[in-house]
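Chains, contacts and geometry: an overview
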Number of protein chains: 6
Amino acid sequence: MSEGKSGQPGGLRLLLEEPFYQPVGNELGVFMAAWSKRLPVMLKGPTGCGKTRFLEHMAWRLKRPLVTVACHEDLTSSDLVGRYLIEGDETVWQDGPLTKAVREGAICYLDEVVEARTDTTVVIHPLTDHRRHLPIEKLGIELTAHPDFMLVISYNPGYQTVLKDLKPSTKQRFVGLNFGYPPAELETRIIVRETGLDEARAQALVAAAGKARNLKDQGLQEVTSTRALVYAGNLMGSGLNALESCEVAIVNPQTDDPELAEALMEIFRAFFPEKG
Amino acid sequence: MSEGKSGQPGGLRLLLEEPFYQPVGNELGVFMAAWSKRLPVMLKGPTGCGKTRFLEHMAWRLKRPLVTVACHEDLTSSDLVGRYLIEGDETVWQDGPLTKAVREGAICYLDEVVEARTDTTVVIHPLTDHRRHLPIEKLGIELTAHPDFMLVISYNPGYQTVLKDLKPSTKQRFVGLNFGYPPAELETRIIVRETGLDEARAQALVAAAGKARNLKDQGLQEVTSTRALVYAGNLMGSGLNALESCEVAIVNPQTDDPELAEALMEIFRAFFPEKG
Amino acid sequence: MSEGKSGQPGGLRLLLEEPFYQPVGNELGVFMAAWSKRLPVMLKGPTGCGKTRFLEHMAWRLKRPLVTVACHEDLTSSDLVGRYLIEGDETVWQDGPLTKAVREGAICYLDEVVEARTDTTVVIHPLTDHRRHLPIEKLGIELTAHPDFMLVISYNPGYQTVLKDLKPSTKQRFVGLNFGYPPAELETRIIVRETGLDEARAQALVAAAGKARNLKDQGLQEVTSTRALVYAGNLMGSGLNALESCEVAIVNPQTDDPELAEALMEIFRAFFPEKG
Amino acid sequence: MSEGKSGQPGGLRLLLEEPFYQPVGNELGVFMAAWSKRLPVMLKGPTGCGKTRFLEHMAWRLKRPLVTVACHEDLTSSDLVGRYLIEGDETVWQDGPLTKAVREGAICYLDEVVEARTDTTVVIHPLTDHRRHLPIEKLGIELTAHPDFMLVISYNPGYQTVLKDLKPSTKQRFVGLNFGYPPAELETRIIVRETGLDEARAQALVAAAGKARNLKDQGLQEVTSTRALVYAGNLMGSGLNALESCEVAIVNPQTDDPELAEALMEIFRAFFPEKG
Amino acid sequence: MSEGKSGQPGGLRLLLEEPFYQPVGNELGVFMAAWSKRLPVMLKGPTGCGKTRFLEHMAWRLKRPLVTVACHEDLTSSDLVGRYLIEGDETVWQDGPLTKAVREGAICYLDEVVEARTDTTVVIHPLTDHRRHLPIEKLGIELTAHPDFMLVISYNPGYQTVLKDLKPSTKQRFVGLNFGYPPAELETRIIVRETGLDEARAQALVAAAGKARNLKDQGLQEVTSTRALVYAGNLMGSGLNALESCEVAIVNPQTDDPELAEALMEIFRAFFPEKG
Amino acid sequence: MSEGKSGQPGGLRLLLEEPFYQPVGNELGVFMAAWSKRLPVMLKGPTGCGKTRFLEHMAWRLKRPLVTVACHEDLTSSDLVGRYLIEGDETVWQDGPLTKAVREGAICYLDEVVEARTDTTVVIHPLTDHRRHLPIEKLGIELTAHPDFMLVISYNPGYQTVLKDLKPSTKQRFVGLNFGYPPAELETRIIVRETGLDEARAQALVAAAGKARNLKDQGLQEVTSTRALVYAGNLMGSGLNALESCEVAIVNPQTDDPELAEALMEIFRAFFPEKG
């Protein structure tokens, strides 16, 4: 689980080792085409399906530094663009992560941008059309983006509500790449690689997850993620009973409802019948 | 996609090269008449139909500097007018973008002004009637506008709600110019010019968009913009399969609904039947 | 559209040239009577019907300086009364516009006061009864008003809602002057004077506006203002086609509804049948 | 309308001349009894019925300085108690109006206290029971009240809503004095005294107001106040037509509804039939 | 009504004279048992029934200093724990009242804690379980409580709503002592002692209150408190008519409804039939 | 109730004596397995069932320092990560508790994390996946976690509402350990150990609690916690009557409803029939 990457001040990370990413379709080709035209890209898909991994892989492949900003309800445009700090007697300007990326030609990744405050979407608009500049109101300048700058956002369609959704005028400024959970064979390979688990038990995990994901319509807010399967595999790998691993890594985090939990456990018991 | 413009501190941009703009009706004549009387102008229309381009074109034509402010929920009158900053021991006043435009006779463009906080609309009122002055409460002065100052706002009628709309008393202070997506022939010409795509595929894109726009009543929040067509053209130009280009540039950003997405893909498949 | 007035620091304006105002009823007599007793006055009426002009005219007539404060949702009592500013090592008190008017005997005009935060109405209460003083809590003093101080507010009855209305206890502290759009002959004279348009077209504009105002019950939020007619006249005067002038100056700003817009255009076509 | 009072820094006013107050019942006796035990008092009643006058009269009679705080939605306990100010290099504590009254033995009048933020009611609780102290959290002290300190609040029962009402536990900490509009003869005497109007017209005003007050159930938010009658009398006194005076001083401020306004005018026409 | 207590800076009060408290049940025994184990205590009961007095009595009895914090909607954990103040060039930490009590072993009384912001309940949690420490995030320390520190809160069950209630997980951290109004004989004794009124009239007051309290189900938000009876007794003692005393001290503060007021007055008239 | 632990500045506590914890199932084994893979852990369960104790026990067992943050509605990511403080002329960065734990390899416990503001969940996301880093936006760095850093959160399923719940994408990032109240025999042993009460009365307490917990469906928000039983045992140990101990430690804090309280008392009377 350790990774080779050089940390730089400023949040720009240059990934030195290839992050493992298993392509499902032509997502690499589409991303490269968008990159060649510097079109902004939106990664659409559910939690834990590999969007962040994919982008880290592309940044490594393009040898561009990557800046990731996890967006939340209190994130404002100043958090992205920068602000004045007081140092001794002086007021000193400090670039935010987006400004750094714009200046230095990095890939800037705004993860779950819909969570951020609305002024952030306004700030990114001029970066996503023919202007490609970033207005920095507090400095009174408009910064033209470095030719290698690229903007990427992520978006989870399952979460949006009437109150919280990207405006159509924002979405249409991005090339959209759809993501989902990988097919069974691929997911098995990922688990083996990530956890060192034997192939048989990895297959059983994926097969059970397939059945469990069918329970979505029965009240689960979201289906079992690949990440949860990797957690279960890790616990098994450290010697914990398979069924107990599934219970604590998959079932407990997914539901508080005793009946739904029992329904999920039923599935895992079928695939891991041995006791311990 | 690069542009010739000289960046000046303060957000005033003087456009040195002609920004491409393809007129649809008499919008240039109306704008010139409003300009000759210095009447404030409101650009009405949907996303990505060329309002910003039009204004950049007019600013270039009139040889007036342009100040653009993208409005958002947290934008206050102080962001427009200016504020005191602390520099060392002193408090220094810094003009905001609107004040700069008022002083120096620029065109000030408040993009989607309805998003801004209500105090901003109050600040612009005295600039839009016979007084043509800007009250700067914090300095205790009322600034009379430079004779060449002009105020322009944009407004997207499709977005307004009961909670968020310009007051009638504000709208009636502006000359209103209506914008829409360009007719097919014009839109084709724009795509060819912007992407370098061959005329045949550009025509197919526009024809498909025409059909796709008819789906608006079936649940699309907004129809395909000219900008999305340009994105698709760009991806094709960089070698991506036409259908895949339409999917990622047009369909994915426009809807999360699998059935609507399929309905849109049907249309594009009809116009781009070849595989690859 | 230029005006003769001497700008003074502090927002006090002494109007040196007579602002044009065409009386409709006995509003001058009532205002003079209220002034002779220094009773506070409330100007009631719709947007763009001349309330601001009337008050500028009265201030000129009384030779009293005028302070105008456009109220909005974020305007607090501190914006009216004053606040401490930090200058170098010192904290310096700065009078707000209301305090200046109270000290120097000006007319203070709070435009659309209902929009301001509720603490502002509290601040003006002691100025509107027998006390005629202004409490300045931050200075710990109560300022007795200059004998020539007068308070005037405006109020648009069409806008009030349950959530946002002046309290009856506030309204009853003012003498109320009702305003409306001027009768046809008067409105024609205003347009001729303000735009230099020929009498015939000015009459046609006013007659058309009369018909258009009847559409109010069909969904228009507010009827055509005198100001919008002046805009249309100005555009005609700068050579724009009459019908196009009405469309952009009157119809487009007033409605986003295509059918209502067409209904309005029908009216203007009847009065301006020529094409161009 | 001028008054003899000496302004003191700190908002403490010592009234040197007797403020005119016409008692209706035994309110003077009750107040004196509450004062002799230093019990806190709540003045209950509608707008403009003389609560403020009554208290000024009592302060004059008791020769105690009076501090009046008009409460509003943004008034916090710090506004009452005090705060730190920065002066040059130092942070200096400044007493608020309540603290001054507590220290110096003044009468502190919190006008419409229900409008203030809830932390203010908490601050006054320990002043209204056997403790009679004021906690000043920022100074870390509890100030025992001067023996002559007295707390008075006002409260308008007609305005309270479920969302905005004094808590029963707060109300029960006060002796409650009910106020209403004075009986006809008394109200006539007040108008004559305040405006110098002849008795006949004053009687007509009061009689008309009596009828107008009966319209309350037909949609008026609040009935005609004594203050509005004084305004109308003042306008008549300055030469304005009686009916016009009633219209602008009483009818216009009280309603925006044309039918209610006409109903009110009917009443005044009956009492002032002459034209001019 | 004066009291012997030594004021100390910091809000810690050491009560030197015994505060009068008349026990109703075994509340002293329970409190002593909780104190011996340093268990936190919650005083439950309506307004004005003597909770604050009881705690002052216990603090005097235990010879521990007492810190009282009246909680309100804007009270934050910083108000309890402390904050940094700027003094000249330095930032100086100032302990809040809770921190002082924790350090010095005082009894800290959070009056109506449910009114405070939710972060306050979080701050007190670790003080109410086996940890008995106070986390001071801004100093980065966890303060272990002085062995004599004790936490007491009050809680009025009649006021709680779905939106504003202590969480069950908070309530279960306290030993709960229920309070109510005292039985008739006791309440009579309290009134005699507090007001010096003769026993007969005190008995009449209590008897009338008993009847008045039965009206609770007819629309009174809260029943007559012992405090209101003491007020009425005080007014009688200062020579005011008994019935008028009851009206202004008990009826007026309790209801704005004329019919309820009349119903209450009926009761008091029955017990105080004499006129004056 | 005293404990052996060394307080360190910075909120890191190294527990030197074994905190008593009575395992119910395999929670120690699961936690050790998660620890060996450094997987983040979520402790799920009702109030007062021993989650905090369990974690203190594990921290002692693993010999890792523990940082506890009690989350609340106003807790922001800055409270966790750190902020700039002004010291004299300098702005100095101060690590928050999470940052300290990340740097020094402590266990960081976010108690009731769902109460905190949403930006906190965003901050912990990158610490819970393969990245294991903490973005510190204000410093412009991403801190890679110390190899011994571990993140633990608690979560009470009974409290969650539609408005306030952890997002599924957050929950799935944790291994979930379910907690409940211990079985009778165990709970008895805990009470004996914590209070020194004799076994018979401890058994009676637990048996009565078992019956009382069955009343949950009759309107109790939450059932009797083990902590409340310990409180009751403590009061008995200090000589208070058993029934009175149960009333004040268990019944009063649990309900304001007289009928529910009586129903609970019925149960305790059955188990503690003796009077005193």
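No experiment lies behind these values; they were computed from the predicted model shown.

Here is what the cut-offs are and how they apply
- Position labels on residues start from 1 in each chain and follow its written sequence.
- Ligands are numbered from 1 and chains lettered from A, in the order in which they are written.
- Per-residue local features are limited, in this predicted model, to residues with pLDDT of at least 70; the limit for side-chain atom pairs, both in listing and counting, is 80 or more; totals at the level of whole chains, interfaces and linings are taken over all residues.
- Where side-chain values are given, they derive from all heavy atoms of the structure, hydrogens and water being excluded.
- Helix and strand definitions here come from DSSP, where helices need a minimum of 4 consecutive H or I residues and strands a minimum of 2 consecutive E residues; each element is numbered from the N-terminal end.
- Categorising residues by exposure relies on relative accessible area from a 1.4 Å probe, with only protein chains included: less than 20% of the type maximum marks a residue as buried, more than 50% marks it as exposed, and the intermediate range marks it as partly exposed.
- Should any heavy atoms of two residues lie within 4.5 Å, those residues are considered in contact.
- Methods summary: accessible areas were calculated by the Shrake-Rupley approach with a probe of 1.4 Å, and residue burial reflects only the protein chains presented.
- To superpose the copies, least squares is applied to the C-alpha atoms of every residue with a pLDDT of at least 70 in both.
- The criterion for an aromatic pair is that two Phe, Tyr or Trp rings (for Trp, the six-membered ring) have centres within 6.5 Å, with stacked assigned to planes under 30 degrees apart, edge-to-face to planes over 60 apart and tilted to the rest.
- Our definition puts a charge over a ring when NZ of Lys or CZ of Arg is within 6 Å of the ring centre and also within 35 degrees of the ring normal.
- Here's the idea: put two parts together, see how much 1.4 Å probe accessible area each one loses, and the total over both is what we call buried area.
- In the sections that follow, a salt bridge refers to a side-chain nitrogen of Lys or Arg positioned within 4 Å of a carboxyl oxygen of Asp or Glu.
- Distance and chemistry together define a polar contact, namely a pair of N or O atoms within 3.5 Å, with one atom able to donate a hydrogen and the other to accept it when in protein, and with adjacent residues in sequence counting only for side-chain atoms on both sides.
- All axes here are fitted lines through C-alpha atoms, helices being fitted over the stretch that makes contact, and every angle between N-to-C directions spans 0 to 180 degrees.
- Each angle gets one of four labels, with under 35 degrees taken as roughly parallel, over 145 as roughly antiparallel, 65 to 115 as roughly perpendicular, and the rest as oblique.
- Left-handed describes a crossing whose near helix is turned anticlockwise from the far helix through less than a right angle; right-handed describes the clockwise counterpart.
- Under the convention adopted here, Pro, Cys and the residues Ala, Val, Leu, Ile, Met, Phe, Trp and Tyr are nonpolar, Asp, Glu, Lys and Arg are charged, and Gly plus all remaining residues are polar.
- Per-residue confidence from the predictor is reported as pLDDT, which spans 0 to 100.

Some points on the overall build of chain A
Along chain A, the regular secondary structure elements total 11 helices and 11 strands. A burial count over chain A gives 63% of its 276 residues as buried. By sequence separation, contacts in chain A at least 24 residues apart represent 70% of the contacts at least 6 residues apart. For chain A, the accessible area works out to roughly 10400 Å², and carbon and sulfur atoms hold 51% of it.

Topic: the relation of the copies chain F and chain E
Expressed as a screw transformation, the operator carrying chain F onto chain E has a rotation angle of 60° and an axial translation of 0.2 Å, and the superposed copies differ by an RMSD of 0.1 Å. Such values leave the two copies arranged in the relation of a six-fold axis.

Here's the deal with the packing of aromatic side chains
Per the counting criterion, the structure on display carries 18 aromatic pairs over all chains. Aromatic pair phenylalanine 54 of chain F and phenylalanine 179 of chain F: ring centres 5.2 Å apart, planes at 55°, arrangement tilted. Note that phenylalanine 54 of chain F is positioned in helix H2 (residues 51–62) and phenylalanine 179 of chain F in the loop between strand E11 (175–178) and helix H7 (184–195), a separation of 125 residues in sequence. Ring pairs connect the aromatic residues Tyr21, Phe31, Phe54 and Phe179 of chain A, which therefore count as one cluster. The ring of tyrosine 181 of chain A has arginine 213 of chain A lying over it, and the distance from NZ or CZ to the ring centre is 4.5 Å.

Remarks on helix H4 (residues 97–104) of chain E
The α-helix advances 3.6 residues per turn, and as a result positions three or four apart in sequence lie on the same side. Residues and elements named next belong to chain E. Summarising burial for H4: six of the eight residues are buried, a large majority. Along H4, the positions that sit buried rather than exposed are Pro97, Leu98, Thr99, Lys100, Ala101 and Val102. Positive phi shows up at glycine 105, right after H4, with a value of about 75°.

Looking at the interface of chain F and chain E
Contact with chain F, which involves 50 residues of that partner, is made by 42 residues of chain E. Summed over both partners, the interface of chain F with chain E comes to about 3900 Å²; 50% of that surface belongs to carbon and sulfur atoms. Between chain F and chain E we count one salt bridge in total. Our count for the contact surface shared by chain F and chain E stands at 12 residue pairs in polar contact (both at pLDDT 80 or more). Counting residues per element, the ones that place at least two in the side of chain F that touches chain E are H2, strand E4 (66–70), strand E5 (82–87), helix H9 (226–237) and helix H10 (242–254) of chain F.

Focus: helix H1 (residues 27–36) of chain F
Buried residues dominate H1 of chain F, accounting for seven of its 10 residues. Those residues of H1 of chain F that sit buried are Glu27, Leu28, Val30, Phe31, Ala33, Ala34 and Trp35 of chain F. Here the buried face of H1 of chain F lies against helix H9 (226–237) and helix H10 (242–254) of chain A together with strand E3 (41–44), H2, strand E10 (150–155) and E11 of chain F. Just past H1 of chain F, the residue arginine 38 of chain F takes up positive phi, approximately 55°.

A closer look at the packing of helix H8 (residues 199–213) of chain D against helix H9 (residues 226–237) of chain D
All names here are of chain D. Where H8 meets H9, the closest approach of the two axes is 11 Å, and the angle between their N-to-C directions is 140°. Relative to H9, the element H8 lies oblique. Crossing of H8 over H9 shows right-handed handedness. For the pair formed by H8 and H9, the contact residues are Arg201, Leu205, Val206, Ala209 and Arg213 on the first element and Thr226, Leu229, Ala232, Gly233 and Met236 on the second. In terms of residue class, the contact of H8 with H9 is made up of six nonpolar, two polar and two charged.

Topic: the interface of chain C and chain D
Taken together, the contact pairs 43 residues of chain C with 51 residues of chain D. Both faces combined, the contact of chain C with chain D buries some 3900 Å², and carbon together with sulfur accounts for 50% of it. Three residues, His130, Arg131 and Gln172 of chain C, lead the burial of chain C against chain D; their summed loss comes to 19% of the area buried on that side. The tally of links between chain C and chain D comes to one salt bridge. Of the charged contacts, one joins lysine 44 of chain C and aspartate 256 of chain D as a salt bridge, the two residues approaching to 2.8 Å between their closest N and O atoms. Here chain C is connected to chain D by 12 residue pairs in polar contact (both at pLDDT 80 or more). For the side of chain C that touches chain D, the elements supplying multiple residues, two or more each, are helix H1 (27–36), strand E3 (41–44), strand E6 (90–95), helix H5 (118–124), strand E9 (141–144), helix H6 (168–171) and strand E11 (175–178) of chain C.

Considerations on the packing of helix H8 (residues 199–213) of chain A against helix H11 (residues 258–271) of chain A
Residues and elements named next belong to chain A. The geometry of H8 relative to H11 is characterised by a closest axis approach of 9 Å and an angle of 150° between their N-to-C directions. Comparing the axis directions of H8 and H11 gives the class roughly antiparallel. Remark: the crossing between H8 and H11 carries right-handed chirality. For the pair H8 and H11, contact is made by Ala204, Ala207, Ala208, Lys211 and Ala212 and by Leu264, Ile267, Phe268 and Phe271, respectively.

With respect to the pattern of salt bridges
Residue and element names in this part refer to chain B. Going through the model one piece at a time under the given rule, you end up with 72 salt bridges over all chains. The salt bridge involving glutamate 266 is made with arginine 269; its shortest N-O contact spans 3.0 Å. Taken as a pair, glutamate 266 and arginine 269 lie in helix H11 (residues 258–271) at a separation of three residues, close to a single helical turn. By relative accessible area, glutamate 266 is classed as partly exposed at 46%.

A short note on unusual backbone geometry
Within the chain, arginine 132 of chain C stands out as a residue other than glycine whose phi angle is a positive 45°. The residue arginine 132 of chain C is located in the loop between H5 and strand E8 (133–136) in this model. Here arginine 132 of chain C falls in the buried class, since its relative accessible area comes to 13%. Unusually for a residue other than glycine, arginine 38 of chain F sits at a positive phi of about 55°. If you trace the backbone, arginine 38 of chain F turns up in the loop between H1 and E3. For arginine 38 of chain F, a relative accessible area of 21% gives the class partly exposed.

Notes on the side chain of threonine 188 of chain F
By the element assignment, threonine 188 of chain F lies in helix H7. Sequence-distant contacts of threonine 188 of chain F, that is, excluding residues within four places in its chain, are made with Glu199, Ala202, Gln203 and Val206 of chain F.

A look at the confidence of the model for chain A
Residue and element names in this part refer to chain A. Averaged over every residue, the pLDDT of chain A is 83; the share at 70 or more is 88%. Highest mean pLDDT in chain A belongs to helix H4 (residues 97–104) (94); lowest belongs to strand E1 (residues 5–7) (31). Across residues 1–10 the pLDDT falls below 50, and counting only partners more than four positions away or on other chains, this stretch makes 20 contacts in the model. Among the prediction metrics, the complex's ipTM stands at 0.76, with pTM recorded as 0.62.

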